[in-house]
Amino acid sequence: MESHLLKAFYFCFYLGIGSMQFLNLYYANFDLSKGEIGILFAVGPFVMICTQPLWGILTDYWERPKFTLFLTLVGSAATVAFFPFSMDFQHLLILTILYSFFQSAVSPIADSTALSLLQDRNDFGKVRLWGSLGYAVGVVSIGRILDFFGLALMFGLHSGLLICSFIIAIMLPVKKGGKKHFQLKEAVGLLKKPVFIAFLAFHFILQLTVHANNSFYSIYLETLGANVTLIGIALLIKSILEIPFFAMSTRLMSRFSYPMLLTIAAAIYSVRWLVLGFSDNLPILIWSQILLSLSFALQNFVSVAYVDDMTPKRYRATGQTMYWTISFGLGGVVGNILAGMALNDIQIPHMYQMSAFLAALSILLLWVCPQNEKLKTNLDLEKDGKGV
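Everything quoted here is computed from the prediction, not taken from an experiment.

Caption draft 1: Quick peek at the nonpolar core. In this structure, F9, Y27, F199, L221, W273 and F301 are the most contacted members of the largest nonpolar core, which totals 108 residues. Broken down by element, the residue count for this core peaks at 12 residues, all from helix α10 (residues 194–223). When residues no more than four places from it in sequence are discounted, the contact partners of L221 are A226, I231, A234, L282, L285 and I286.

Written as structure tokens, this is what we have:
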């Protein structure tokens, strides 16, 4: 029962995320300058960096992940509903900050909650694949709806789907924890553990390359003669082909260690960047999205399970939000800034060649610490009889 509810939640939530992929078109039609649009898109990652760890710490302190999930879903749905009524850039900026404050925490808290409900964390990929399916359906179906009814409807659809996700979340059988053992010093102390620091550093470097690709892949295809339809097909290939790779998660994680699977993911990323860096053949560049599907799916389900395995039970929400903050928040901001600066002096293929080197280099960080090192708290040490 829990598995079916989680699948429904991920499908509905990422269906809503897919509906927001047309936000750049809405901003362009809103008569905003490119500089203003850039600021609005930069706000999200900055807010993520500042607030995601806070949400994780509060979730672990309250020991009520459902409450945090409810709060972030309802807050996101309520905020995004006001976007069509915004009259100028200042209004959109305020709403974007508020929306990012709530929405950026949903995914890591949902992942942490899902892992707490699954009997085997290696089954997470089989649940998460429904998110990829929902996202793909959202991009295609909602795009056609917006063609008929206008881009402003996207906010109402997104808000409605978040409310549907909220209703599903209510039915999740997550109970409040018992006696509190939360200590802020221990939660923040996760960042002092070598194995966790190496893990975060690996993802930060890898995400520099991923975010650079996310920002300039479509532009690169366009310079080679691809039209909007062809670019859309390329993006859809990536979303659809994630599904079978997510379905393989249990089998892969039962056979290989987490560092080994992440090594494979980084190597595949590196190969994919090399293809983009040395080929200008459109069919090859489009079908290379298969490599991106595999590497992204591997990285996602392995990383979420690895964080859950590394961190003490009472700090798992904190661990997930720290992972998201460094990877998708800080990695996204720095990756986009560095890529933009680099492309003032070099061509996009050269950027991909550099990305291939960075992706390969990041693998070293996975092996600098013992694979079996766990993050232990004072309470864990006391149970082990080691004292503190």
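Caption draft 2: Region of interest: the environment of F245. Looking at where F245 falls in the secondary structure, it is placed in helix α11 (residues 228–247). Each C-alpha atom, one on F245 and one on S293, is 7.6 Å from the other, the two residues being 48 residues apart in sequence. Beyond its immediate chain neighbours, meaning those up to four positions away, F245 contacts I290, S293, L294, A297 and F301.

Caption draft 3: Structural detail: helix α4 (residues 65–80). The terminal C-alpha atoms of α4 lie 22 Å apart, and with 16 residues this matches the ideal 22 Å at 1.5 Å per residue to within 8%. Most of α4 sits inside the fold, with 12 of its 16 residues counted as buried. By the burial criterion, the buried members of α4 are P65, K66, T68, L69, F70, T72, L73, G75, S76, A77, T79 and V80.

Caption draft 4: Focus on the confidence of the model for the chain. This prediction gives the chain a mean pLDDT of 83; 90% of its residues lie at or above 70. Every residue in residues 375–388 is under pLDDT 50, and counting partners more than four places away or in other chains gives 29 contacts.

Caption draft 5: Representation of the packing of helix α1 (residues 2–19) against helix α8 (residues 153–170) in the model. Two elements in contact, α1 and α8, have axes separated by 8 Å at closest approach and are oriented at 165°. Taken together, α1 and α8 sit at an angle that is classed as roughly antiparallel. Pair α1 / α8 crosses with left-handed handedness. Contact with α1, carried on its side by L5, A8, F9, C12, F13, L15, G16, I17 and S19, involves M154, H158, L161, L162, C164, S165, I168 and A169 of α8 and no other residues of that element.

Caption draft 6: View of helix α13 (residues 258–278). Over its 21 residues, α13 extends 31 Å from the first C-alpha to the last, a length consistent with the 30 Å expected when each residue adds 1.5 Å. N-capping of α13 is provided by S257, with a side-chain oxygen placed 3.2 Å from the backbone N of M260.

Rules used throughout
Residues numbered from 1 in each chain as written. Predicted model: local features only at pLDDT ≥ 70, side-chain atom pairs only at ≥ 80, totals over all residues. Heavy atoms only, no water. Core = buried A, V, L, I, M, F, W, Y, C linked by side-chain atoms within 4.5 Å. Buried < 20%, exposed > 50% of the residue type's maximum accessible area, 1.4 Å probe, protein only. Helix = DSSP H or I, 4+ residues; strand = E, 2+ residues; numbered from the N terminus. Contact = heavy atoms within 4.5 Å. Expected span 1.5 Å × (residues − 1). pLDDT = per-residue confidence, 0-100. Axes fitted to C-alpha atoms, helices over the stretch in contact; angles between N-to-C directions. Parallel < 35°, antiparallel > 145°, perpendicular 65-115°, else oblique. Left-handed = near helix turned anticlockwise from the far one by under 90°. Polar contact = N/O pair within 3.5 Å; in protein donor to acceptor, adjacent residues only side chain to side chain.

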